[in-house]
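What follows is the residue order along each chain.
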Amino acid sequence: MTVQQKLQHLDNLYAQNKIDEAEEFLLAETAEGNLENSITVKISLNNELMGIYRNKGDALNCMKRVEMQKAWMEAADQDLDPASKATLYLNIANAYQAFDMLEQSYDILCDVEAQYKKILDKHDFRLASLYNNKAVVLIKLKDLDQAEVYFKMALRILKHLREAEDETAVTYQNLSNIYSAKGKYELALDMAFKGLDLLDSIGAEVSYHSGAICNSIGIVYHRMGDYANAHEYFNKAAEIILKVFGDCSLYQSILDSARRAKEDMFRS
């Protein structure tokens, strides 16, 4: 298979929520003993594997893949064009962010932003993705106002792009998280449901993103003291994540949230 055929095979597995099969395929394709794939092909496929472990909440395997990725990128430096190299570093930053290695993530994102602004059109999808991810780190660093600025910058780009529904939905979710943290719960729910409706409109109602948004909605309702709706949406999120990833740490974490909401519901 060519690289494009391998990526298409992965897309087909993702579309069928066959994440375990995708992981097995990627592990085989990126194995040190696999001589069929060049180092640049392995870098491309390893990038996907990092994403699977990041979404599953598997810090140990994700960080192993990050270290492997950095070593391969250094070895293949001359074969990577500047835009691709910056995007690969963006995904490393996302892995660090997912496991609260915030300083490392933020430093890389600042470097990627500087590179992107040199080489990309200001309406490029990759800039929107960068703005989204930088804002997520800013939320964790407690700079909510600056995070909101970056999310809105991302949304301005995405609204003019075709086939950007996933990223647009993620941006709505991220704005929801901002407003939730600021105590603007009705606005937070409005943003989250916009994201959920957008995913439903493209048939992505069972996906990592839809599960994450349902989880965010559960958090907002819980903060509002509406424990019945919180319990409902935590359960919806857990059901979706179970279908997509199976019984992983993220699934168990959301189940814990559902249990707490149920306990609070009976106490209130």
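Above this note sits the structure.
Scoring rules and cut-offs
- Residues numbered from 1 in each chain as written.
- Predicted model: local features only at pLDDT ≥ 70, side-chain atom pairs only at ≥ 80, totals over all residues.
- Heavy atoms only, no water.
- Helix = DSSP H or I, 4+ residues; strand = E, 2+ residues; numbered from the N terminus.
- Rg over C-alpha atoms; globule rule 2.2 N^0.38 Å.
- Buried < 20%, exposed > 50% of the residue type's maximum accessible area, 1.4 Å probe, protein only.
- Contact = heavy atoms within 4.5 Å.
- Areas by Shrake-Rupley, 256 points an atom, 1.4 Å probe, with all protein chains shown as cover.
- Lys, Arg positive; Asp, Glu negative; His and termini not counted.
- Charge placed at Lys NZ, Arg CZ, Asp CG, Glu CD.
- Phe/Tyr/Trp six-rings, centres within 6.5 Å; stacked < 30°, edge-to-face > 60°.
- Salt bridge = Lys/Arg side-chain N within 4 Å of Asp/Glu carboxyl O.
- Axes fitted to C-alpha atoms, helices over the stretch in contact; angles between N-to-C directions.
- Parallel < 35°, antiparallel > 145°, perpendicular 65-115°, else oblique.
- Left-handed = near helix turned anticlockwise from the far one by under 90°.
- Nonpolar A, V, L, I, M, F, W, Y, C, P; charged D, E, K, R; others polar.
- Arc of directions from axis to C-beta.
- Core = buried A, V, L, I, M, F, W, Y, C linked by side-chain atoms within 4.5 Å.
- Expected span 1.5 Å × (residues − 1).

K.L.:
Can you help me understand the overall build of the protein in this one?
P.N.:
When its secondary structure is counted, the protein shows 13 helices and zero strands. Ordered by position in the sequence, the α and β elements of the protein form the string α-α-α-α-α-α-α-α-α-α-α-α-α. Scaling as 2.2 N^0.38, a compact globule of 268 residues should have a C-alpha radius of gyration of about 18 Å, and the protein matches this with 19 Å. The buried share among the 268 residues of the protein stands at 49%. Relative to all contacts within the protein whose residues are 6 or more apart in sequence, the contacts with residues 24 or more apart total 57%. In the structure as shown, the protein presents an accessible area of about 13,300 Å², 49% of it carried by carbon and sulfur atoms. Distance between charge centres in the protein, computed from 30 positive and 41 negative side chains, equals 4 Å.

K.L.:
Would you take a moment to explain the packing of aromatic side chains for this structure?
P.N.:
The way to describe two aromatic rings as a pair is by their centre distance and the angle between their planes. One pass over the structure, following the stated rule, counts four aromatic pairs. Three or more aromatic residues joined by ring pairs form one cluster here, namely Phe 193, Tyr 221 and Tyr 233.

K.L.:
Even after reading the chapter, I still don't get the pattern of salt bridges, so can you show me in this structure?
P.N.:
As a working rule, side chains carrying opposite charge can pair if their charged atoms are close by. Under the defined criterion, the tally for this structure stands at 17 salt bridges. Glu 113 is the partner of Lys 134 in a salt bridge, and the nearest nitrogen-oxygen pair spans 2.5 Å. Highlighted residues: Lys 134 in helix α7 (residues 125-140) and Glu 113 in helix α6 (residues 102-119), separated in sequence by 21 residues. Like Glu 113, Lys 134 is buried.

K.L.:
Please explain the packing of helix α4 (residues 59-75) against helix α5 (residues 82-98) as it appears in this structure.
P.N.:
Contact geometry of α4 with α5 gives a least axis separation of 10 Å together with a crossing angle of 155°. One finds that α4 runs roughly antiparallel with respect to α5. When the axes of α4 and α5 are compared, the crossing they make is left-handed. Contacts between α4 and α5 involve Cys 62, Met 63, Val 66, Glu 67, Gln 69, Lys 70 and Met 73 from the first element and Lys 85, Leu 88, Tyr 89, Ile 92, Ala 95 and Tyr 96 from the second. Its residues assigned to classes, the contact of α4 with α5 comprises nine nonpolar, one polar and three charged.

K.L.:
How should helix α2 (residues 19-29) be read in this particular structure?
P.N.:
Every α-helix carries 3.6 residues per turn, so stepping three or four residues along brings you back to the same face. Within the span of α2, buried status applies to Ile 19, Ala 22, Glu 23, Phe 25, Leu 26 and Glu 29. The buried residues of α2 all sit within an arc of 165° when viewed along its axis, so they share a single face. On the buried face of α2, the contacting elements are α1 (3-15), α3 (39-56) and α12 (227-245).

K.L.:
Help me understand the nonpolar core in this model?
P.N.:
Within soluble globular proteins, side chains that are nonpolar tend to cluster in buried spots. If you look at the biggest cluster of nonpolar residues, it comprises 87 residues, and the most contacted ones within it are Tyr 116, Leu 130, Tyr 131, Phe 151 and Ile 217. Those residues in contact with Ile 217, other than ones at most four positions away along the chain, are Leu 189, Ala 192, Phe 193, Leu 196 and Tyr 233.

K.L.:
Please explain α1 as it appears in this structure.
P.N.:
Look at α1: 18 Å from first C-alpha to last across 13 residues, which is about the 18 Å you get at 1.5 Å a residue. Of the positions making up α1, those classed as buried are Lys 6, Leu 7, Leu 10 and Leu 13. Buried residues in α1, looked at end-on, bunch into an arc of 115°, giving them a common side. Away from the buried face of α1 by more than 90 degrees, exposed residues Gln 4 and Ala 15 are located. Elements in contact with the buried residues of α1: α2 and α3. Asn 17 occupies a position one or two residues after α1 and carries a positive phi of about 55°.

K.L.:
For this particular structure, what's the right way to read the environment of Ser 207?
P.N.:
For Ser 207, the location among the structural elements is in the loop between α10 (185-201) and α11 (208-224). When its relative accessible area of 15% is taken as the criterion, Ser 207 is described as buried. Remark: the alpha-carbon pair of Ser 207 and Cys 110, spanning 97 residues in sequence, is separated by 29 Å. Beyond its immediate sequence surroundings of up to four residues, Ser 207 is in contact with Leu 199, Ile 240 and Val 244.

By themselves, these are just geometric observations and shouldn't be taken as functional.
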